[in-house]
Amino acid sequence: MRQSLTAEQPHPGSRYPPTSHRRAAKHRLDLVAAGGVILAAAAALRLWQLGGRPGWQSDEPVYTSIATNVATFGTLNEHLQYGLSWTPFLFHPPFYFLLLAGWFKLVGAGVLQARLLGVLMSLIMFALLFRLLWKLHGPRIALLTLAFLAFDGWLLFVQRVSYIENTLFVLVVGALLLYQRALERPGRLRFLAAGAAVGCAIMFKQTGTYLLPTILLHWLITRREHRNHLLLTGAALFVVALYFGIMTLLFDVGSHHWFLDDTLLQLERVVDLRHSGGTLTSPLAFVHLLAHQYAVFLPSFLAALGGFALVVRRVIQCARARSVAPLQRNALLFSWTAAAIVVFGASELRYQQYFALLLVPLYCFLWTELSYIVASRPRLARAAVAGAAVVVLVGLGSFYMRVASHSDNVLAQVRQYAMTHIPRSDVVVAPEQIGDEINQRWCSVYRAPVCRYAATYVITYTTFLQGNPPDDPALYALLRSSVRLVTFRGFKETVTVWRVR
């Protein structure tokens, strides 16, 4: 007898899936919608009073000045110093400044506009990361991890600042997503595309280089697609070599070696052959900084320690088993985390924005691992939900204590003071972040011996990590012959304006 059609057995010509499939599709849509709600809340927190909270960080005036010059004059340079001829700014690759200049042409130039681009890029990164985690561990774990990342206090802080890394992260996560797609459906073109994306990340900012050891470690763990991994590495290196060749032809002409000299200087800073302002030089300095200046972000640091402990635990398990089997389930996130720990742990440039490049993979590894631990022990479910809520609330508390409760935009205050109290034609000795904010002719504090007789004002900028240049008698002689006019104190910096007698 002919069976009747039921809801579970649709007509063959029907375009509707079975009920179980419809439920699964609806469930996926619900999870995507929940991810959208999280991203919307993350966007609201990052856009709230974005122009002044936190106060402008030291890199922002420099980057904004360069991008404004690119947009206005088509020249890649900062606010030119008094007594110096034009030189291009090549300490970082030019692509962020070109992107920022194009953005400025659309929405106007300024630190606020630069921050808007940074927030937009952070949200795109979260969307890509959500997709990557979904492919690796499913939608539930992806959603949970996204929530922790979106409301972490440290990330809420740095992603409201126009750091290059907020845009770099889009390329980093995009490259990992292309790499995962290539692993799922192997093919030469897919691996070549992933390699080109890795090369673009490195080309955009040198710190993107940590993608190469990430992929190498993942290959050592999984031992898959040997030839395709060689293709990927070759494509990445080709893109980087092409970039170096073009930049050398453009900027290293005649007696000038602008590109190679600036690139070498950055390399010397990374390997501790040259010290730069704002650099952490020892673990004790980091502990002191965390305890005094950034104590409000202690929860983020403790979470990072938890991720590091899980990485060490997995390594010990592998050593005992004499196998990489314990890493197989979470191989890509482990590789990303371990590469970040090694690369940035060995680097001398441990700025706050670089910490984010380490923190994101640490968080991804931490919360995915904890999710599996809780899933294997149902009795921990309620405690895990309560703990997750506490983690999110503590992250929001860090955001409130560092950003929402402080209105101390010192660099903007100094800019306004210079506009109203210092003649436009005067020469001001100041650090880079001040010189790029003011309209007066300026001279770096490192060039005080050259400018001491022309200078009529001095502006000093000090933090726990960054003071006035040591062993510079000309600068201190200039300060001794100056009168203190006004001091501005922020969350972490002290800026003083001096009038030379």
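Given the structure is predicted, the values throughout are model-derived calculations rather than measurements. (Residues numbered from 1 in each chain as written. Predicted model: local features only at pLDDT ≥ 70, side-chain atom pairs only at ≥ 80, totals over all residues. Heavy atoms only, no water.)

### Here we look at the overall build of the protein
Let me state the cut-off plainly: A run of DSSP states H or I qualifies as a helix once it reaches four residues; a run of E qualifies as a strand once it reaches two. Both are numbered from the N-terminal end. The classification of residues rests on relative accessible area computed with a 1.4 Å probe and restricted to protein chains. Under 20% of the type maximum is buried, over 50% is exposed, and intermediate values are partly exposed. A 1.4 Å probe and the Shrake-Rupley method give the accessible areas. Residues count as covered only by the protein chains that appear here.
Counting its secondary structure elements, the protein contains 20 helices and 5 strands. Burial status across the protein gives 50% buried among its 501 residues. Here the protein has roughly 23700 Å² of accessible surface; of this, 64% comes from carbon and sulfur atoms.

### Description of unusual backbone geometry
A cis amide bond, omega -5°, links Arg53 with the succeeding residue Pro54. Of note, Pro54 is situated in the loop between α1 (19-47) and α2 (59-73). Here the phi dihedral of Arg322 falls at roughly 50°; this positive angle occurs in a residue that is not glycine. Counting through the fold element by element, Arg322 comes out in the loop between α13 (298-321) and α14 (331-346).

### Things to note about the environment of Glu78
Quick reminder of the rule: Note on definitions: a residue-residue contact is assigned when non-hydrogen atoms from the two residues lie within 4.5 Å.
The residue Glu78 is located in the loop between α2 and α3 (95-107) in this model. Residues Glu78 and Tyr63 lie 15 residues apart in sequence; the distance between their C-alpha atoms is 8.0 Å. Not counting the four nearest positions on each side in its chain, Glu78 is found in contact with Val62, Ser65, Ile66, Asn69, Phe89, Glu432 and Asp436.

### Quick notes on the nonpolar core
A general trend in soluble globular proteins is that nonpolar side chains are found buried together. Formally: Throughout this description, the term nonpolar core refers to a set of buried Ala, Val, Leu, Ile, Met, Phe, Trp, Tyr and Cys residues connected via side-chain atoms within 4.5 Å.
If you look at the biggest cluster of nonpolar residues, it comprises 112 residues, and the most contacted ones within it are Leu129, Phe169 and Trp336. The element best represented in this core is helix α15 (residues 352-375), accounting for 13 residues. Discounting residues that sit within four places of it in the chain, Trp336 has contacts with Leu129, Phe169, Val172, Val173, Leu176, Tyr210, Thr214, Val360 and Pro361. Counting residues in each nonpolar core, the second largest holds 19 residues, with Ala418, Val428, Tyr461 and Phe488 among its members.

### So, the sheet that holds strand β3 (residues 457-462)
Condition: Strands qualify as paired when DSSP identifies two bridges or more between them. An axis is simply a line fitted to the C-alpha atoms; with a helix, the fit covers only the stretch in contact. Between two such axes, the angle follows the N-to-C directions and lies from 0 to 180 degrees.
Spatial ordering of the open sheet is given by β2-β1-β3-β5-β4, a layout of 5 strands whose pairing is mixed. Looking at strand neighbours, the two that pair on one side only are β2 (441-444) and β4 (482-489), the edges of this open sheet. Geometrically, the sheet is characterised by an average inter-axis angle of 20° between neighbouring strands, direction not taken into account. Bridge count between strand β1 (residues 427-430) and β3: 2 bridges; the pairing is parallel. Residue Val428 lies in a different strand from β3, and its bridge partner there is Tyr457. Of the strands in this sheet, β3, β4 and β5 (494-500) touch helix α17 (residues 410-421), which is tilted by about 140° from β4.

### Notes on the state of the cysteines
So the rule is basically this: Note on terminology: pairs of cysteine sulfur atoms within 2.5 Å are recorded as disulfides.
Summed over all chains, the structure comprises 1 disulfide. The side chain of Cys443 participates in a disulfide bridge whose partner is Cys451; the two sulfur atoms lie 1.9 Å from each other. Its S-S torsion of approximately 70° makes the covalent link between Cys443 and Cys451 right-handed. Overall, Cys451 belongs to the buried group, its relative accessible area being 0%.

### Topic: the environment of Arg424
Summarising the element assignment, Arg424 is placed in the loop between α17 and β1. Ignoring sequence-local partners within four residues, the contact set of Arg424 consists of Asn439, Gln440 and Arg441.

### Description of the confidence of the model for the protein
How we decide: For every residue, the predictor states its confidence as a pLDDT score lying anywhere from 0 to 100.
Mean pLDDT for the protein: 88, with 90% of residues reaching 70 or above. The low-confidence segment residues 1-16 (pLDDT under 50) makes 11 contacts with residues lying over four places distant or belonging to another chain.

### Observations regarding the pattern of salt bridges
Keep this limit in mind: Throughout this description, the term salt bridge denotes a Lys or Arg side-chain nitrogen within 4 Å of a carboxyl oxygen of Asp or Glu.
In this structure the tally under the stated criterion is 8 salt bridges. Between Arg314 and Glu369 there is a salt bridge whose closest N-O contact spans 2.4 Å. Taken together, the positions of Arg314 in helix α13 and Glu369 in helix α15 put the pair 55 residues apart, joining distant regions of the chain. No difference in accessibility class separates Arg314 from Glu369, as the two residues are buried. One salt-bridge network, held together by shared partners, links Arg314, Arg329 and Glu369.

### A closer look at the packing of α2 against α3
Stated precisely, the cut-off is as follows: The scheme is simple: roughly parallel for angles under 35 degrees, roughly antiparallel for over 145, roughly perpendicular for 65 to 115, oblique for anything else. Left-handed is the label given to a crossing in which the near helix is rotated counterclockwise from the far helix by less than a right angle, and right-handed is the label when the rotation is clockwise.
At a minimum axis distance of 8 Å, the contact between α2 and α3 shows a crossing angle of 65°. Relative to α3, α2 is oriented roughly perpendicular. As for the relative orientation of α2 and α3, their crossing is right-handed in sense. Side by side, α2 and α3 meet where Tyr63, Thr64, Ile66, Ala67, Thr68, Val70 and Ala71 of the first sit next to Tyr96, Phe97, Leu98, Leu100, Ala101, Phe104 and Lys105 of the second.

### Topic: the packing of helix α4 (residues 111-137) against helix α5 (residues 139-150)
To characterise two packed helices, one gives the angle between the axes of the helices and the distance between these axes. The test is simple: Ten residues, namely Ala, Val, Leu, Ile, Met, Phe, Trp, Tyr, Cys and Pro, are considered nonpolar, four, namely Asp, Glu, Lys and Arg, are considered charged, and the remaining ones, Gly among them, are considered polar.
Across the interface, α4 lies against α5 with an axial gap of 7 Å and an inter-helix angle of 145°. Crossing geometry of α4 relative to α5 is assigned as right-handed. The residues of α5 that touch α4, namely those facing Phe126, Leu129, Phe130, Leu133, Trp134 and His137, are Pro139, Ile141, Ala142, Leu143, Thr145, Leu146, Leu149 and Ala150. Of the residues contributing to the contact of α4 with α5, the split by class is 12 nonpolar, 2 polar and no charged.

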